[in-house]
Amino acid sequence: MTFAGPEQGGPQMTVPRQAVHVDSPTERRNPRTVDIDQLSTLEILRAINAEDRLVPDAVAATLPSLSTAVDIAVETLREGHRVHYVGAGTSGRLATLDAAELPPTYNIPNDWFLMHHAGGSTALRSAVENAEDDDAAGAAELARDAAPGDFVLGLTASGRTPYVLGALRAAHRLGASTALISNNPLATRSIDVDVMITVDTGPEAIAGSTRMKAGTAQKQMLTAFSTAVMVKLGRTYSNLMVSMRANNAKLRGRTVRILREATGLGQQECSDALTQSAGDLKVALVHLLSGVDTRRAAAALTDHDGHVRHALATLSAKAV
């Protein structure tokens, strides 16, 4: 059943088949922004910014549980299994972005981090009716794509999204480890996951618009989570992106700069090392820092799964 939009010629809208009352801080009216529609443009932006400034402290409170999720994910990947993100709406779009940026940034296999979004790729650009309410679809997708030993991280601002919870239950039955990021402290008691990560961002500047503070918090947590996983797996050296794919002019220039910053050597020497290493930044780095030839540098990296510091430690020990 459909009806016309409020303006003449407006879009057709579907009458919802059911309504669910979500008891969550994100759905409540924010007493600090009740007059937001009467403010000047600058005052509106200041009101939104004041709410956004509350997010980092809320995220900081989750770090102990988030660190547990990081350690599980690291062990999962070391053992040859995969990490899955599951989300709907804003949560799913943010998780998709995070998963998509990891392979070029850290040169990891495309299947290390897999994304499951309610409604599929179509829902990344526009809403797919009732997709997030389909717990059976979430369960079927994870039953098909996950495996024992995998790690499944769900995201839902409300803490109740059926697609996400259905996926987590199916993953648990398979023998995968599970975790949930939720912005609703009231919904966490009845959810059975290995790691519960609750970030209390409170009411939004616009009631129920969880693409605002809730989404900002989830973006921060996803970025921190995946970056920490990459650091623990040795995909960086110090705070440098030594594993990245240099597939454009800007990034090829960055590889030389990274070598210069890591070694203190000049432009020409670093460029020559990259050439000798067939463009492999890690091989060039180990070669320059250890003094061994590029063949031995590459072998040491292979022995230590690409971990620069571990490779250097082994070469240093052999030199002694």
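Residues numbered from 1 in each chain as written. Predicted model: local features only at pLDDT ≥ 70, side-chain atom pairs only at ≥ 80, totals over all residues. Heavy atoms only, no water.

Engineer: Describe the nonpolar core, with residues and values.
Structural biologist: Core analysis: the largest hydrophobic core is formed by 34 residues, its most contacted members being Y85, F113, F151, L153, F225, V229 and M230. Listing elements by their share of this core, those giving two or more residues are α2 (55-60), α3 (63-78), β3 (83-87), α4 (89-106), β5 (151-156), β6 (177-182), β7 (195-198) and α7 (213-232). When neighbours within four sequence positions are excluded, L153 is seen to be in contact with H84, Y85, V86, A179, L180, I181, L222 and F225. One finds I258, L259, L285 and A300 within the second-largest nonpolar core, a separate group that totals 26 residues. (Core = buried A, V, L, I, M, F, W, Y, C linked by side-chain atoms within 4.5 Å. Buried < 20%, exposed > 50% of the residue type's maximum accessible area, 1.4 Å probe, protein only. Helix = DSSP H or I, 4+ residues; strand = E, 2+ residues; numbered from the N terminus. Contact = heavy atoms within 4.5 Å.)

Engineer: Pulling in residues and values, what's your account of unusual backbone geometry?
Structural biologist: Even without glycine at this site, N107 takes up a positive phi of about 55°. If you trace the backbone, N107 turns up in the loop between α4 and β4 (113-117). The partly exposed category is assigned to N107, whose relative accessible area is 36%. Phi is positive for A278, close to 55°, though the residue is something other than glycine.

Engineer: Quick one: what's the story with helix α6 (residues 162-174), residue by residue and with numbers?
Structural biologist: The terminal C-alpha atoms of α6 lie 18 Å apart, and with 13 residues this matches the ideal 18 Å at 1.5 Å per residue to within 8%. Those residues of α6 not exposed but buried are P162, Y163, V164, L165, G166, A167, L168, A170 and A171. Buried positions along α6 lie against β3, β4, α5 (135-145), β5 and β6. Once α6 ends, the next one or two residues include G175, with phi positive near 100°. (Expected span 1.5 Å × (residues − 1).)

Engineer: Any chance you could break down the sheet that holds β7 for me, citing the residues and the numbers?
Structural biologist: Sheets are built from strands paired through backbone hydrogen bonds, the pairs being either parallel or antiparallel. Pairing within the open sheet is parallel, and its five strands lie in the order β4-β3-β5-β6-β7. Sheet topology places β4 and β7 at the edges, where each strand pairs with a single neighbour. Neighbour to neighbour, the strand axes of the sheet diverge by 15° on average, direction disregarded. By the bridge criterion, four bridges tie β6 to β7 in an arrangement that is parallel. Looking at the pairing, L180 lines up with M196 of β7. Along the sheet face, α4 touches β3, β4 and β5 and points at about 160° away from the line of β4. Running over the sheet, α6 touches β3, β4, β5 and β6 and is turned about 160° from β6. (Pairing = 2+ DSSP bridges. Axes fitted to C-alpha atoms, helices over the stretch in contact; angles between N-to-C directions.)

Engineer: Any details on the packing of aromatic side chains? Residues and values, ideally.
Structural biologist: On inspection of all chains with the given rule, the structure shows three aromatic pairs. Between F151 and F225, the ring centres sit 6.3 Å apart and the planes meet at 40°, which makes this aromatic pair tilted. In this pair, F151 is assigned in strand β5 and F225 in helix α7, connecting sequence segments 74 residues apart. The pair formed by F151 and F225 is uniform in burial state, with each residue classed as buried. Taken together, Y85, F113, F151 and F225 form an aromatic cluster joined through their ring pairs. (Phe/Tyr/Trp six-rings, centres within 6.5 Å; stacked < 30°, edge-to-face > 60°.)

Engineer: Tell me about the pairing of β5, and name the residues and values.
Structural biologist: The buried fraction of β5 amounts to six of the six residues, a majority that puts the element mostly inside the structure. Judged by which residues are buried, β5 turns out to be covered on both faces: F151, L153 and L155 on one side and V152, G154 and T156 on the other are all buried. In this structure, β3 lies alongside β5, joined through four bridges in parallel fashion. Residue pairing for β5: V83 is matched across the bridge by F151. Taken together, the six bridges between β5 and β6 define a ladder with parallel strand orientation.

Engineer: Help me get a handle on a negative patch on the surface, residues and values and all.
Structural biologist: A contiguous patch of negative charge on the surface is contributed by E132, D133, D134 and D135. The partly exposed category is assigned to D133, whose relative accessible area is 34%. (Patch = residues over 30% accessible without salt bridge, like charges linked within 9 Å, V, L, I, M, F, W, Y side chains within 5 Å. Areas by Shrake-Rupley, 256 points an atom, 1.4 Å probe, with all protein chains shown as cover. Salt bridge = Lys/Arg side-chain N within 4 Å of Asp/Glu carboxyl O. Lys, Arg positive; Asp, Glu negative; His and termini not counted. Charge placed at Lys NZ, Arg CZ, Asp CG, Glu CD.)

Engineer: Run through the environment of A140, naming residues and quoting values.
Structural biologist: Within the secondary structure, A140 sits in helix α5. For the pair A140 and A73, spaced 67 residues apart in the sequence, the C-alpha separation amounts to 22 Å.

Engineer: Can you lay out the packing of α4 against α7 for me, pointing to particular residues and giving the numbers?
Structural biologist: Viewed as axis vectors pointing N to C, α4 and α7 meet at an angle of 30°, and their least axial separation amounts to 10 Å. Between α4 and α7, the angle falls in the class roughly parallel. In terms of crossing hand, the pair formed by α4 and α7 is right-handed. Contacts between α4 and α7 involve T90, S91, L94, A95, L97, D98, L102 and Y106 from the first element and G215, Q218, K219, L222, T223, S226, T227 and M230 from the second. Classifying every residue of the contact of α4 with α7 by side-chain character gives seven nonpolar, seven polar and two charged. (Parallel < 35°, antiparallel > 145°, perpendicular 65-115°, else oblique. Left-handed = near helix turned anticlockwise from the far one by under 90°. Nonpolar A, V, L, I, M, F, W, Y, C, P; charged D, E, K, R; others polar.)

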